[in-house]
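An overview of the molecular structure
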Amino acid sequence: MIGAIVKEKVVSALEGLFNMAFTEKDFQVNQTKPEFEGDYTVVLFSLVKSLKLSPDELGNKLGSELIKRSPELFTGFNIIKGFLNLTIAESFWLDLLKENYQKEEYGKHAPNGVKVMVEYSSPNTNKPLHLGHLRNNFLGWSIAEILKASGNEVIKSCIVNDRGIHICKSMLAWKLFSNGATPESTNQKGDHFVGDYYVKFNDAYKLEVDALVAAGQSKADAEKNAPIMQATQEMLKKWEEGDPETIQLWKMMNSWVYAGFDETYKKIGSDFNRTYYESETYLLGKDTVQDGLEKGVFFRKDDGSVWIDLTADGLDEKLVLRKDGTSVYITQDIGLAQDKYKEYGIDKSIYVIGDEQNYHMKVLKLICQKIGLPYADSIYHLSYGMVELPTGKMKSREGTVVDADDIVAEMNAIAAKHTAELGKVQDFAPEALNELYDTIGLGALKFFLLRVDPKKKMVFNPEESVDFHGFTGPFIQYTHARIKSILRKEKIDPAFEGIDSDKLFPLEKSLLVSLEQYEDIIAQAASELNPSVIAIYAFNLAKTFNSFYAEHSVMQAETESKKQLRLRIAAMTALVLSSSMKLLGIRVPERM
RNA sequence: GGUCCGGUAGCUCAGUUGGAUAGAGCAUCAGCCUUCUAAGCUGAGGGUCAUUGGUUCGAAUCCAAUCCGGAUCACCA
C-alpha cells in the first residue's frame, strides 16, 4: 500500500516539476536496504536520461518537492549513487497501528465479484493418499483461502477418480484373495485395506506374466494374455454394462475407501463445496464433440475416430473420441469444464494438478478456447512439482512411498516428544495436549510443503524435514505463543492516547513496516497463486519480532507510552501471524 | 528428437519482475537463560549465481548458444 502511495506521490511531483506526463512504470520504488537511512527508495536511473539531469540534481529536486507537497508523509531524504531514499513520517506507522492492531480482517481485500473454482485433491479410489497428495491438498486449500482473502468468491471442488481398469484391479483381487474380509474384520482403515488388494493384484499379475514369458511368450503378449488381466477387462465391461453384482461390489469397496479418505481429510483439514465422481462424468463431453465436429473444430478420420488438429498451436493432433465412439480422458474433462460453468457460472477455473499433466492441461485449455467456453482464457493449471525422497522418486511398486496417514502420525509423535522435553505445558489436560500436538505436527508438515514455490519439485528428507527450528511452522507458532503470553500478563489500555510523542526504535519500525505490507503480500500471493509468498512473509515477520523481543522488553518498557506502543505492536503481530498462517491452513496455539 | 520446467553456500530454498556489498534456514564454530516462553537471540566462516557470449549506466534476473537434471510427446487415467 505505502509503496503504491509513494509511487503516486512521485508521479505527481514529477509532473509538477517537469510539466510532462509520467506513469508509475517510469521508475521503481523499493524498500530501502537496511544499511541505508530511509524507508522507501526511488531508483532514479531510468528518469535521468530523459530528463537530462544528473542523479543528484534530480534526487534533490524530487526529494524537496515530495516533502513540500506531502510534509505529513515524507519527513526526510538522502541520495546515494542514484537512489533517492525517503523517510516516511512516524505518524504514518503509528496511525496504521492505532487503526488496525485488533482488526481481525486486517489485510483482506473487499469482494471483487469474481467467482473462481479451485479443483484439487482428485484422489484415486484404489490406493491411500501419499505425500504427493498432501502437497496437492495443502496447495489447493491454501490457494482457495488466499483467493478468498483477496476478494474472490471461491468454490472448492474435487473430482474422484472412481472408475476404470485400475479400480477393477483391486475389486478383482478382493474377490480372489479376501475370503470376505472387510476393513472392520481386519481392523484396517478402508483406503489402506483396498490399497492392499491393489498391491495384491499387481503381485499376482507379475507372477502370471513371468510364467507366460517363461513359457515362451513375448512380454507384451504375456501382459495382455495374463488370465487375471483378462478377468479385469471382463469386469470393466460388466461394470460399464451395469451388471448388478459388479456394481454392488464396486459400491461396497468405494464406500470403504471414502470412509478412509474422510478420516484423512478431516485430519488434514481438506474440504470441498462440490465433489464430482468420474463414474458420473465419464460420458460427458460427447455431445460437445458432435457439436464441434459440425463447427469444424474437430475432424473425423477414415476409421471413424475424432481428432483435433493442434499443430498450428505447436502441439500435435489429439484424439477426442475413439473409433468405436467411446470417450477418452480429455473428452470428459471438456464435458466437466462445461458443466462447471453451467452449474456455477464461474469466471476462472484453477486445476491443482501435478506437472506431469502440463501437456494434457495445455490441450484442454486450447480445446476449451476453440469450442468457445466463456471462461476458457481463465483456465489455469496450477502445476506443482513432484515430492521426492533423498533416495529419488517415490515408487509404490518399490514400497518407497511416504503414506499420508503415516507421516501425519509421525509428525504428531515428534511434536509430542519435543513438547514433553521442553516441559512448558505440563498443566494441559490430555485432550488439550493432543490438540496441541496436532497443531504443531501438522503445522510443521503443511509449512514444509507450502514454503517452496509450487512449480518446483522438492525433496522430503524424513530425518531433516521434521526440524522444528528456523524456517518452519513451529517457529512461527512459537512466536505467536510468546506474544500471547505477554498479552495475558499485561493488558492493552485501549484509551491510552500518548503514544505519538515517542521516537520509534529500528526494530519497532521494522515490525510496523512489515505489518503494513500484509495486504500487498496477500495480493501478490493471489496473483501468483503461490502460498510460499505468505509462508516467507510470516517467517520474516516472526523473525523480526523475535529480534525485537530479545532487544526490548514490553512489560518493563522505559515508559508507559512505550509499553502501550509495544503491546499494540505485539498484538498486531500476533494477529497477522495468525491470519497469515490460517491462509496456509495452519493453526497457531495460545501456548506451546 | 520436439515441447515445457529447473540448475544460486556442504544440504534445503529465497531473491519484490533489470538496481545499492547476492540473502535465509539447516549443518559447523563462538557467545547469550536471577529479567515478558532459549521451539529463541547475537556473531563468524562458507558463493566463478551451471558455462560462454551478447544487450546497457547496471544482469542471478533479459537474449542466444552449450552442458547437466526432470516431466511430457497413448485409441491409460
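All residue numbers refer to position in the chain's written sequence, counted from 1. Chain letters and ligand numbers both follow the written order, the letters beginning at A and the numbers at 1. Per-residue local features of the predicted model are confined to residues with pLDDT of at least 70, and side-chain atom pairs are confined, for both listing and counting, to 80 or more; whole-chain, interface and lining totals are unaffected and use all residues. For side-chain calculations, the full set of non-hydrogen atoms in the structure is used, while hydrogens and water are omitted.

**What to know about the protein's contact with RNA strand B**
Here a residue is considered near a molecule or strand provided that any single heavy atom belonging to it is located within 4 Å of it. Taken together, 67 residues are adjacent to RNA strand B, and E278, R322, K393, K424 and Y478 come closest. Backbone atoms, meaning sugar and phosphate, make up 64% of the atoms of RNA strand B lying within 4 Å of the protein. R482 places a polar side-chain atom, nitrogen or oxygen, 2.5 Å from a phosphate oxygen of RNA strand B. In terms of residue class, the surface near RNA strand B is built from 27 nonpolar, 15 polar and 25 charged. Side-chain atoms alone can form a polar contact between residues adjacent in sequence; in general such a contact is a pair of N or O atoms within 3.5 Å, and within protein one must be able to donate a hydrogen while the other accepts it. Lys, Arg, Asp and Glu make up the charged group, whereas Ala, Val, Leu, Ile, Met, Phe, Trp, Tyr, Cys and Pro make up the nonpolar group; the residues left over, Gly among them, are polar.

**A look at the packing of helix α20 (residues 518-528) against helix α21 (residues 532-551)**
For helices, the fitted line uses only the C-alpha atoms of the stretch in contact; every axis is such a line through C-alpha atoms, and the angle between N-to-C directions lies from 0 to 180 degrees. In this description a helix means any DSSP run of H or I spanning at least four residues, a strand means any run of E spanning at least two, and both kinds are numbered starting from the N terminus. Contact pair α20 / α21: the axes reach a minimum separation of 8 Å and the direction vectors enclose 155°. Comparing their axes, α21 and α20 come out roughly antiparallel. Facing α20, whose interface residues are Y518, I521, I522, Q524, A525 and E528, α21 presents V533, I534 and Y537. Residue classes in the contact of α20 with α21 are distributed as seven nonpolar, one polar and one charged. Relative orientations are named as follows: roughly parallel for angles under 35 degrees, roughly antiparallel for angles over 145 degrees, roughly perpendicular for angles from 65 to 115 degrees, and oblique for any other angle. The contact definition used throughout considers only heavy atoms, calling two residues in contact when any of these lie within 4.5 Å.

**Concerning the packing of aromatic side chains**
Ring pairs shown here join Phe, Tyr and Trp side chains whose ring centres sit within 6.5 Å, with only the six-membered ring taken for Trp; geometry is labelled stacked below 30 degrees between planes, edge-to-face above 60, and tilted in between. Taken as a whole, this structure holds 22 aromatic pairs when the rule is applied. Pairing F261 with Y265 gives two aromatic rings, centres 6.2 Å apart and planes at 55°, and the pair type is tilted. One end of the pair is F261 and the other is Y265, both in helix α11 (residues 244-268) and four residues apart, which spans about a single turn. Of the two residues, F261 and Y265, neither departs from the other in class, the shared state being buried. Residues Y518 and Y537 carry aromatic rings whose centres are separated by 5.7 Å and whose planes lie at 15° to one another, so their mutual orientation is stacked. Placement of the pair is Y518 in helix α20 and Y537 in helix α21, with a sequence separation of 19 residues. Summary of the burial criterion: residues with accessible area below 20% of their type's maximum are buried, those above 50% are exposed, and those between are partly exposed, where the area comes from a 1.4 Å probe applied to protein chains only. By relative accessible area, which is 0% here, Y518 ends up buried.

**Considerations on the nonpolar core**
Ranked by size, the top nonpolar core spans 149 residues in total, and within it V118 and L134 carry the most contacts. By residue number, the principal contributor to this core is helix α22 (residues 560-583), which donates 12 residues. The residues contacting V118, other than those within four sequence positions of it, are G140, I143, A144, L147, V154, I155, K156, S157, I350 and V352. Residues enter a nonpolar core if they are buried and are Ala, Val, Leu, Ile, Met, Phe, Trp, Tyr or Cys, with the set joined through side-chain atoms within 4.5 Å. Of all hydrophobic cores here, the second largest spans 33 residues; its members include V320, L321, V363 and C368.

**So, the pattern of salt bridges**
Each reported salt bridge corresponds to a side-chain nitrogen of Lys or Arg within 4 Å of a carboxyl oxygen of Asp or Glu. Under the counting rule described, the total for this entry stands at 28 salt bridges. For E145, the salt bridge goes to K148, with nearest N and O atoms at 3.1 Å. Taken as a pair, E145 and K148 lie in helix α5 (residues 131-149) at a separation of three residues, close to a single helical turn. The exposure class of E145 is buried, given its relative accessible area of 16%. The class for K148 is partly exposed, based on a relative accessible area of 37%. The shortest N-O distance in the salt bridge between E245 and K175 comes to 3.9 Å. With a gap of 70 residues between them, E245 in helix α11 and K175 in helix α6 (residues 165-177) connect regions that are remote in the sequence. One salt-bridge network, in which partners are shared between bridges, spans E145, K148, K156 and D271.

**A closer look at the environment of T326**
Tracing the chain through its elements places T326 in the loop between β10 (317-321) and α14 (329-344). Residue classification places T326 among the partly exposed positions, given a relative accessible area of 29%. For T326 and K286, which are 40 residues apart along the polypeptide, the C-alpha to C-alpha distance reads 8.3 Å. Among residues more than four places away in sequence, those in contact with T326 are K286 and L321. A polar atom in the side chain of T326 sits 2.6 Å from the side chain of D324.

**Here we look at the sheet that holds strand β11 (residues 348-354)**
With respect to topology, five strands assemble into an open sheet ordered β7-β6-β5-β11-β12, the strand pairing being parallel. Both edges of this open sheet fall to β7 (274-277) and β12 (379-384), since each of them pairs with a single strand only. Each strand axis lies, on average, 25° off the axis of its neighbour in the sheet, ignoring direction. Across four bridges, strand β5 (residues 115-119) lies against β11 in parallel orientation. In the strand pairing of β11, V116 is matched with K348. Across the sheet, α14 touches β5, β6 (153-160), β7 and β11, and the angle it forms with β7 is around 145°. At least two bridges found by DSSP between two strands are what make those strands a pair.

**Points about α6**
With 13 residues, α6 should reach 18 Å at 1.5 Å per residue; the first-to-last C-alpha distance of 18 Å fits that figure. Every buried residue belonging to α6 is among H166, I167, C168, K169, S170, M171, L172, A173 and W174, and all of these are buried. Against the buried residues of α6 lie α8 (190-214), α10 (227-241) and α11. Within two residues after α6, N179 carries a phi angle of roughly 55°, on the positive side. Helix span is expected to be 1.5 Å times the residue number reduced by one.

**Here's the deal with the packing of helix α4 (residues 90-100) against helix α19 (residues 506-516)**
For any two helices packed against each other, the geometry is given by the interaxial angle and the distance between the axes. Two numbers describe how α4 lies on α19: the axes approach to 10 Å, and their chain directions differ by 65°. Between α4 and α19 the crossing geometry is left-handed. Counted together, F92, W93, L96 and L97 of α4 and K509, L512, V513 and E516 of α19 form the full contact between these two elements. Taken together, the residues of the contact of α4 with α19 break down into six nonpolar, no polar and two charged. Two helices that cross are described as forming a left-handed crossing if the nearer one is turned anticlockwise from the farther one by less than a right angle, and a right-handed crossing if clockwise.

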